[in-house]
Amino acid sequence: MIFPEKTPHEIKADLEEALLRAQPYTQQGHLADYIPVLGKSDPSMLGISVTFLDGTTVSAGDTQVPFTMQSVSKIFSLIVALQDRSFDYVFSRVGMEPTGDPFNSIVKLETIKPHRPLNPMINAGAIAVSSLVSGSTADERFERILDLLRRMSGRPDIQLNQAVYQSELDTADRNRALAYFMRDSGIIEGDVEEILDLYVRHCAIELCSADLSRIAAILSNDGFDLFTGEQIVPLPIARIVKTFMVTCGMYNASGEYAISVGVPSKSGVSGGIMATVPHKMGIGVFGPSLDEKGNSIGGVKLLEELSARWNLSIF
Ligand code: GLU
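Residues numbered from 1 in each chain as written. Predicted model: local features only at pLDDT ≥ 70, side-chain atom pairs only at ≥ 80, totals over all residues. Heavy atoms only, no water.

S.K.: Explain the sheet that holds strand β5 (residues 205-207) here, please?
M.R.: Strands in a sheet are paired, the pairing made by backbone hydrogen bonds, and the direction either parallel or antiparallel. Across the sheet, which stays open at both edges, the three strands sit in the order β3-β5-β4 with antiparallel pairing between neighbours. Two strands lie at the open edges of the sheet, namely β3 (67-68) and β4 (159-160), each paired on one side alone. Looking at chain direction, β4 and β5 are connected through two bridges and run antiparallel. Within β5, the position partnered with L160 by the bridge is I205. Sheet contacts for helix α6 (residues 138-153): β4 and β5; angle to β5, the most-contacted strand, approximately 15 degrees. (Pairing = 2+ DSSP bridges. Helix = DSSP H or I, 4+ residues; strand = E, 2+ residues; numbered from the N terminus. Contact = heavy atoms within 4.5 Å. Axes fitted to C-alpha atoms, helices over the stretch in contact; angles between N-to-C directions.)

Here is the structure:
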């Protein structure tokens, strides 16, 4: 038995019912067309995978469709940066507080002193984190983030989506502005274009919802691989990233989401949501139609349904 009182068949039926209820909401959202290639997704798609700590994965809906991680990848650049640098060093460059502002906002960078981005889940904070990932070349820095994701998903073939990467790089002026401002304020050092390139590259890593649920299950399992028992993410780091998922993972809707779903989660503008239910399961959702804050509109509904049905809230 993988979930105390349910068989895999019943779990699948629950997922399908939640999906049916959430599906209509996909019509009310919009695509992240500020990255032109993402604007070409099918907004009606919605899918979910759940991986339990015995390694079993159950999926429903559009789960074969690959998508880029976007902001979900910020968790993994942070894990690598925290392995490379001390806790104090990382958090001298990026704060720990929610912003209440949109993910790409520039406003508080100038008004708050020191001009440190408020947290690693907003774009400015994640760009600062990218600058802390070690490696002798840009390729090596990227490979280290990719390698972590390959190990956690058990999928050695996970790759960058070149078209999304190029499309975002061509239109990344706001992120470019954030990065140059941060170099001017001494938050980041070095070649801004190279740092930005790493950030855009890790956002364009492509996977599908079952990969995401498996990765999330390792975070639920305190960083231990489900099959080998190997500690892939050190426990204190797993704890830090899960805390950020609660406080800042769903952009400036994190407070509302903590009440309605109550599970550490991180979303991305491609429509992915990674949720980790401590010591129970990892969840990967994909639905590219977004609400006004940038979260998958159908995905959030789906998780609300499931959280209520399975009593998943950690609070
Ligand atoms: N690559 C995206 C950007 O920088 C990530 C944003 C997101 O998913 O929130 O705009």
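S.K.: Is there a simple way to explain the packing of α6 against helix α9 (residues 192-203) in this structure?
M.R.: Packed helix pairs are specified by the crossing angle of their axes together with the interaxial distance, meaning the distance between the axes. The contact between α6 and α9 brings their axes to 10 Å, and the two run at 30 degrees. Classed by the angle they form, the pair α6 and α9 counts as roughly parallel. Taken as a pair, α6 and α9 cross one another with a handedness that is right-handed. Between α6 and α9, the contacting residues are A138, D139, R141, F142 and I145 on the first element and E194, L198, R201 and H202 on the second. Class assignment for the residues of the contact of α6 with α9 results in four nonpolar, one polar and four charged. (Parallel < 35°, antiparallel > 145°, perpendicular 65-115°, else oblique. Left-handed = near helix turned anticlockwise from the far one by under 90°. Nonpolar A, V, L, I, M, F, W, Y, C, P; charged D, E, K, R; others polar.)

S.K.: How should I be thinking about the pattern of salt bridges in this particular structure?
M.R.: All told, the structure shown has 17 salt bridges when counted by the stated rule. A salt bridge links R201 to D139, with the shortest nitrogen-to-oxygen separation between them at 3.2 Å. Placement of R201 in helix α9 and of D139 in helix α6 is noted, with a sequence separation of 62 residues between them. By sharing partners, the salt bridges in this structure join K6, D14, E17, R21, E305 and R309 into a single network. (Salt bridge = Lys/Arg side-chain N within 4 Å of Asp/Glu carboxyl O.)

S.K.: Mind showing me how you'd approach the environment of F67 here?
M.R.: Mapped onto the fold, F67 is located in strand β3. Here F67 falls in the buried class, since its relative accessible area comes to 4%. Along the backbone, F67 and F87 are 20 residues apart, and their C-alpha atoms lie at a distance of 31 Å. When sequence neighbours within four positions are dropped, the list of residues in contact with F67 reads I205, E206, L207, C208, S209, L212, S270, G272, V285 and F286. (Buried < 20%, exposed > 50% of the residue type's maximum accessible area, 1.4 Å probe, protein only.)

S.K.: Please clarify how the sheet that holds strand β2 (residues 57-61) should be interpreted in this entry.
M.R.: Strand order across the open sheet formed by five strands is β2-β1-β8-β7-β6, with antiparallel pairing between neighbours. Of all the strands in the sheet, the pair left with one neighbour each is β2 and β6 (265-267). Neighbouring strand axes in the sheet, compared pairwise and without regard to direction, differ in orientation by 10 degrees on average. Across six bridges, the pairing between strand β7 (residues 272-277) and strand β8 (residues 281-286) is antiparallel. Paired with G272 across the bridge in β8 is F286. With respect to the sheet, helix α1 (residues 8-22) is in contact with β1 (47-52) and β2, its orientation differing from that of β2 by roughly 30 degrees.

S.K.: When you look at helix α11 (residues 235-248) in this model, what are you seeing that I'm missing?
M.R.: For the α-helix, the turn length of 3.6 residues means that residues three or four positions removed from each other point alike. The terminal C-alpha atoms of α11 lie 20 Å apart, and with 14 residues this matches the ideal 20 Å at 1.5 Å per residue to within 8%. Contacts made by the buried residues of α11 are with α2 (74-84), α3 (87-93), α10 (209-220), α12 (254-260), β6 and β7. (Expected span 1.5 Å × (residues − 1).)

S.K.: Whenever I open this one, the site of the ligand confuses me. Can you help?
M.R.: Residues in close proximity to the ligand include Y34, Q70, S71, F103, N123, E168, N175, Y199, C203, Y251, G268 and V269, which together make up its full environment. S71 is positioned with one of its side-chain polar atoms (N or O) 2.6 Å from an oxygen atom of the ligand. At a separation of 2.8 Å, an oxygen atom of the ligand approaches a polar side-chain atom of N175. Here the ligand has 290 Å² of accessible area as a free molecule, and 99% of this is covered by the chains. Taken together, the residues of the shell around the ligand break down into six nonpolar, five polar and one charged. (Near = heavy atom within 4 Å. Polar contact = N/O pair within 3.5 Å; in protein donor to acceptor, adjacent residues only side chain to side chain. Areas by Shrake-Rupley, 256 points an atom, 1.4 Å probe, with all protein chains shown as cover.)

S.K.: Is there a simple way to think about the environment of S307 in this case?
M.R.: In this fold, S307 is placed in helix α13 (residues 297-310). Relative accessible area serves as the criterion here: at 7%, S307 is assigned to the buried category. C-alpha separation for the pair S307 and H202, spaced 105 residues apart in sequence, amounts to 29 Å. Every residue in contact with S307, bar those within four places of it in the chain, is listed here: V261, L312 and S313. Separated by 2.8 Å, the side chain of S307 and the backbone oxygen of V261 make a polar contact.

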